[in-house]
Amino acid sequence: MPAACDSVLEDIEDIVSAEDLKPHDRQFVRQNVFPKVRKRNSQNAQTDDDPPSDSIIPGVQKIWIRTWGCSHNNSDGEYMAGQLAAYGYKITDNSAEADLWLLNSCTVKNPAEDHFRNSIKKAQEGKKKVVLAGCVPQAQPRQDYLKGLSIIGVYRVVEVVEETIKGHSVRLLGQKKDNGKRLGGARLDLPKIRKNPLIEIISINTGCLNACTYCKTKHARGDLASYPIEELVDRAKQSFQEGVCEIWLTSEDTGAYGKDIGTDLPTLLWKLVEVIPEGAMMRLGMTNPPYILEHLEEMAKILNHPRVYAFLHIPVQSASDSVLMDMKREYCVADFKQVVDFLKEKVPGITIATDIICGFPGETDEDFQETMKLVEQYRFPSLFINQFYPRPGTPAAKMHQVPAAVKKQRTKDLSQLFHSYSPYDHKVGERQRVLVTEESFDSNYYVAHNPFYEQVLVPKDPLLMGKMVEVNIYEAGKHFMKGQLVSDARVYTASITKPLAKGEVSGLTEVSKR
């Protein structure tokens, strides 16, 4: 295949054109797409016994996809699966039977990257073809363990899989731009395979406006790039037409939405609320304190809407202003408290989730005690505790590190504090309205959420899945409540149409028309 510069294939949607055959009729014929390929060196070849071959027919193999990380990463994985399935590949849950492993990585923490690296090794030992995707190759493509392997950044997939199947090594990285201005990610009306047919994850923007000294994700996702409101509303409408009953809005920082395109988050949310059907719900994603401060009044009104979960994830990271300054978080602890106090007053019962990093470089015992006091004061029902790991290439990696034993002890102390209180005991005996969307990890219950996005386990009755029901709370644990169906309660069918089957591709009609 002729070689060309990487910019020929700007994004995954560029492989879909008016001249394309319909997805399931497609053969490996495409005009105007010329990815740069190179043959593997013997040291890193994925299948040393099988030399590269252009005679292999792509589009018929089985692909296993593994995704690490946040809901944004999971949405990317769903789009990748949809693109591949639309072109004939079979997406399988069985890694052993797969011809190729697509590993979609997360670069937030060292353990996530370690799992990613170990999966690469396992794939190679099993003589599997491998394509590496996500934030790790986008942020640091020259890592030794990535050499000789096919790599895509955050969004590109089909062409790389095809060339890898044939034994070539392909690298397609970079970010999409228009006249020098960075655009958002993949087109929102592309096919995708939802991990849960009832839940649509919508990325409202990519990248962020900050430069946190510990963050590697910025290297991968780049600066803020927001999707237009009309495209996001259309995506929500399409999702509900495909049987979705819950949408999650996600990004690296939802609060910053629209600052690059002359709009803001509340404006988007009011437009989305208009298209949410009765019984369906919307969950807002993570927002940093500085941007939500600008919109507290409007956000309180939106979070009180009956079709919006009264839930917000606001990472504080530390309760020490000096640590926050070293992190370059662009707010102080008083800002965070102002946001939380205001929302707790204006949105009764709201769930505030937060993140804390233990052992950031320079954190003193006094700094850490301030964080402990904050948790004791607010008793967050959802708290993500992270021991600090220096990420290569970040400013924080070059700072004076807190000893490992100290970091470990602080993480343990904070975890013990978190587990010392029970956030849901006082709710036993309540009658709650919940939306049932998932199965529990142990497969013994269905998982529902009440209006505050608190987890409620309900009986595993297939008639309840995708329904809005009322339950009596009879038991509470640290992370959940258990509810029994109220016999005289009305049951809402939240989906306006029958949901897609698990593994079914959404948006195929639209792609076929292009």
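For the structure, see preceding data.
What counts as what
- Residues numbered from 1 in each chain as written.
- Predicted model: local features only at pLDDT ≥ 70, side-chain atom pairs only at ≥ 80, totals over all residues.
- Heavy atoms only, no water.
- Helix = DSSP H or I, 4+ residues; strand = E, 2+ residues; numbered from the N terminus.
- Buried < 20%, exposed > 50% of the residue type's maximum accessible area, 1.4 Å probe, protein only.
- Pairing = 2+ DSSP bridges.
- Axes fitted to C-alpha atoms, helices over the stretch in contact; angles between N-to-C directions.
- Contact = heavy atoms within 4.5 Å.
- Expected span 1.5 Å × (residues − 1).
- Disulfide = S-S within 2.5 Å.
- Right-handed = clockwise from strand over helix to strand, strands pointing away.
- Parallel < 35°, antiparallel > 145°, perpendicular 65-115°, else oblique.
- Left-handed = near helix turned anticlockwise from the far one by under 90°.
- Nonpolar A, V, L, I, M, F, W, Y, C, P; charged D, E, K, R; others polar.

Draft legend 1. Focus on the overall build of the chain. Helices and strands together make up the secondary structure of the chain, namely 14 helices and 23 strands. Classification of the 514 residues of the chain by burial places 57% in the buried group.

Draft legend 2. Examining the pairing of strand β2 (residues 62–67) more closely. Of the strand pairs in this sheet, β2 and strand β3 (residues 90–92) are connected by three bridges, and their pairing is parallel. Bridge assignment links Lys62 to a residue of β3, and that residue is Lys90.

Draft legend 3. Structural view of the sheet that holds strand β10 (residues 199–203). With parallel pairing, the three strands of this open sheet are ordered in space as β10-β13-β14. Edge positions in the sheet fall to β10 and β14 (281–283), since each has one partner strand and no second. Taken over all neighbouring pairs, the strand axes of this sheet differ in orientation by 20 degrees on average, direction set aside. Examined bridge by bridge, strand β13 (residues 246–250) and β14 share three bridges and lie parallel to one another. Bridging across to β14, Glu246 finds its partner in Met281. Packed on one face of the sheet, helix α1 (residues 71–86) meets β10, β13 and β14 and runs near 105 degrees to β10. Across the face of the sheet, helix α6 (residues 229–241) comes into contact with β10 and β13 while running at roughly 170 degrees to β10.

Draft legend 4. Geometry of α6. Compared with an ideal rise of 1.5 Å per residue, which puts 13 residues at 18 Å, α6 spans 18 Å between its outermost C-alpha atoms and is within 8% of the ideal. Gly243 sits one or two positions beyond α6 and adopts a positive phi of about 95 degrees.

Draft legend 5. The arrangement of the state of the cysteines in detail. Throughout the structure, instances matching the rule amount to zero disulfides. Cys212 forms no disulfide, and the closest cysteine sulfur to it belongs to Cys215, at a distance of 6.1 Å. The exposure class assigned to Cys212 is buried, which follows from its relative accessible area of 12%.

Draft legend 6. Spatial organisation of the pairing of strand β17 (residues 382–387). The pairing of strand β16 (residues 351–358) with β17 spans six bridges and is parallel. By the bridge assignment for β17, Cys358 is matched with Gln387. Between the parallel elements β16 and β17, the chain passes through helix α12 (residues 365–378) in a crossover that is right-handed.

Draft legend 7. Seen up close, the packing of helix α7 (residues 265–273) against helix α9 (residues 296–303). Axis separation between α7 and α9 bottoms out at 10 Å; the angle between their running directions is 20 degrees. It follows from the interaxial angle that α7 and α9 lie roughly parallel. Here the hand of the crossing between α7 and α9 comes out left-handed. Two secondary-structure elements touch here, α7 through Leu265, Pro266, Leu269 and Trp270 and α9 through Glu298, Met299, Lys301 and Ile302. Counted by class, the contact of α7 with α9 contains six nonpolar, no polar and two charged residues.

Draft legend 8. Broad picture of the sheet that holds strand β15 (residues 311–313). Across the sheet, three strands lie side by side as β15-β16-β17; this open sheet has parallel pairing. Taken across any chain shown, the strands that pair with only one partner, and hence form the sheet edges, are β15 and β17. Strand-to-strand twist across the sheet, computed as the mean angle between neighbouring axes with direction ignored, equals 15 degrees.

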